Amino acid sequence: MNHKKIVLLGGTGISTSILYNSVNAAHGIGLVILEEKENSKVFIKRRIKRLGIVTVIGQLTFQVVVSKFLTVFSKKRRLELIHELKLDLTEIPEEKIRRVKSVNAPETLALLQETNPDLIIVNGTRIISKKVISSVACRFVNTHAGITPKYRGVHGAYWALANNDPEHCGVTVHFVDEGIDTGTVIAQKKVVPQKKDNFTTYPLLQLSAGLELLNTAITSYFNKTLTEQKEVTTESKLWYHPTVWFYMYNRIFKNIK
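Bear in mind the structure is a predicted one, so any value in this text is a computation, not a measurement.

How do you make sense of the sheet that holds strand β8 (residues 185–190) when you look at a structure like this?
Pairing between the strands of a sheet is mediated by backbone hydrogen bonds and can be parallel or antiparallel. One open sheet accounts for seven strands, arranged β3-β2-β1-β4-β5-β7-β8; its pairing is mixed. Looking along the sheet, the strands with just one partner apiece sit at the ends: β3 (97–100) and β8. Between one strand and the next, the sheet's axes are offset by a mean angle of 15 degrees, whatever the strand orientation. Relative to β3, strand β2 (residues 31–35) runs parallel, the two sharing four bridges. Looking across to β3, one finds that Ile33 is bridged to Arg98. Sitting on the sheet, helix α1 (residues 14–26) touches β1 (6–11), β2, β4 (119–123) and β5 (139–144), and the angle it makes with β1 is about 165 degrees. Where helix α8 (residues 202–223) meets the sheet, it contacts β1, β4, β5, β7 (170–175) and β8, and its direction lies at approximately 30 degrees from that of β7.

Where do I start with the environment of Leu89 in this structure?
Tracing the backbone shows Leu89 in the loop between α4 (75–84) and β3. For the pair Leu89 and Gly13, spaced 76 residues apart in the sequence, the C-alpha separation amounts to 9.9 Å. Those residues in contact with Leu89 that lie beyond four places of it in its chain are Ser17, Ile18, Asn21 and Ile82.

Would you explain the packing of helix α3 (residues 53–73) against helix α9 (residues 244–254) in this entry?
As a packed pair, α3 and α9 sit with axes 7 Å apart at the nearest point and diverge in direction by 55 degrees. Regarding the angle of α3 to α9, the classification is oblique. Together, Val54, Gly58, Thr61, Phe62, Val66 and Leu70 of α3 and Val244, Trp245, Tyr247 and Arg251 of α9 make up the contact between the two elements. A class-by-class count of the residues in the contact of α3 with α9 yields seven nonpolar, two polar and one charged.

Quick question: what am I supposed to make of the pairing of β4 here?
Side-chain direction in a regular strand flips from residue to residue, so the side chains alternate between the two faces of the sheet. Within β4, five of the five residues are buried, leaving the element largely enclosed by the surrounding structure. What you see with β4 is no split at all: Leu119, Ile121 and Asn123 on one side and Ile120 and Val122 on the other are buried throughout. Sheet topology places β1 next to β4; five bridges connect them, and they run parallel. In the sheet register, Gly10 faces β4, and the bridge partner there is Asn123.

Sorry, what's going on with the pairing of β1 here?
Across the six residues that make up β1, a large majority, six, are buried. Burial along β1 is two-sided: the residues Ile6, Leu8 and Gly10 and Val7, Leu9 and Gly11 are all buried. Sheet topology places β1 next to β2; five bridges connect them, and they run parallel. Paired with Leu8 across the two strands is Val32, which belongs to β2.

What should I look at first to understand unusual backbone geometry in this one?
Apart from glycine, the bulk of residues carry a negative phi angle, and the bulk of peptide bonds sit in the trans form. Put simply, Thr148 and Pro149 share a cis peptide bond, and its omega is 0 degrees. As for its placement among the helices and strands, Pro149 is situated in the loop between β5 and β6 (152–153). Phi at Lys86 is positive, roughly 55 degrees, even though this residue is not glycine. Looking at where Lys86 falls in the secondary structure, it is placed in the loop between α4 and β3. Overall, Lys86 belongs to the exposed group, its relative accessible area being 72%. One non-glycine residue, His155, lies in positive phi territory at about 60 degrees. Inspection of the secondary structure puts His155 in the loop between β6 and α7 (156–162).

The rules behind these values
Counting restarts for each chain: residues are numbered from 1 in the order of the written sequence. Given that this is a predicted model, residues contribute local features only at a pLDDT of at least 70 and side-chain atom pairs are listed and counted only at 80 or more, while totals for whole chains, interfaces and linings are drawn from all residues. Excluded from the side-chain calculations are hydrogens and water; all other atoms, namely the structure's heavy atoms, are used. Pairing between strands is defined by DSSP: at least two bridges between the two strands are required. The helix and strand labels rest on DSSP assignments: H or I over at least four residues marks a helix, E over at least two residues marks a strand, and numbering proceeds from the N terminus. To obtain each axis, a line is fitted to C-alpha atoms, and for helices this fit is confined to the stretch in contact; angles are then taken between N-to-C directions over 0 to 180 degrees. Contact definition: two residues touch when any of their heavy atoms are within 4.5 Å. Any angle between 65 and 115 degrees counts as roughly perpendicular, while under 35 counts as roughly parallel, over 145 as roughly antiparallel, and the rest as oblique. Amino acids outside the nonpolar list (Ala, Val, Leu, Ile, Met, Phe, Trp, Tyr, Cys, Pro) and the charged list (Asp, Glu, Lys, Arg) are all regarded as polar, and Gly is one of them. The buried label applies to any residue whose accessible area, calculated with a 1.4 Å probe on protein chains only, is under 20% of its type's maximum; exposed applies above 50%, and partly exposed to all values in between.

Below is the structure:
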């Protein structure tokens, strides 16, 4: 399988490094295309248009105050999980990286066509345009932190727990289409957080479970034995960041951290 060309199309962040190290060790990754973080003002304006200013203020307050506090408070638990789950945070070698403004920029399309990969792994990018998806003959595969299609968007584990739905607290590996986490499911797995876990540690549990599914899927893909899985739920909803008041209510009255 070493002759197969795998490209990682990712956003900046530790999850991309962790995913690179896992997949590269198992299968080899020839090229990593990293996109820049989207301009915050553009992102916020688009979110206000979709959700309204009150909701977005609540989400931003949660991210700036509560989420940062949880990150500091949970440092010991995060390090514990990184060690227990054997997650490798080593930075991606710079010689493997090509940096682009956006996953949908012309330079991204040109790099993919020039490389002509056999498989593209996606992690933490913006929604990939149909033009980019159709620019090469191979498939795009994503690891999503949630059980799709019920928990599309972000923070799928948190939303499942907040909705008293632990059976759908998990991770999905799926093919990518032009929708938001709507591609055909390859594999899904439930995760079970402990009492000491919270909003900032759930993603590590999901990432670890997702990497196991992803590496198995890559092997099956190249062996031509990959079978698509029937979705465990047909419910479909797109989720965003919680507002600060929603989070505090669930923290106080449901002990969902």
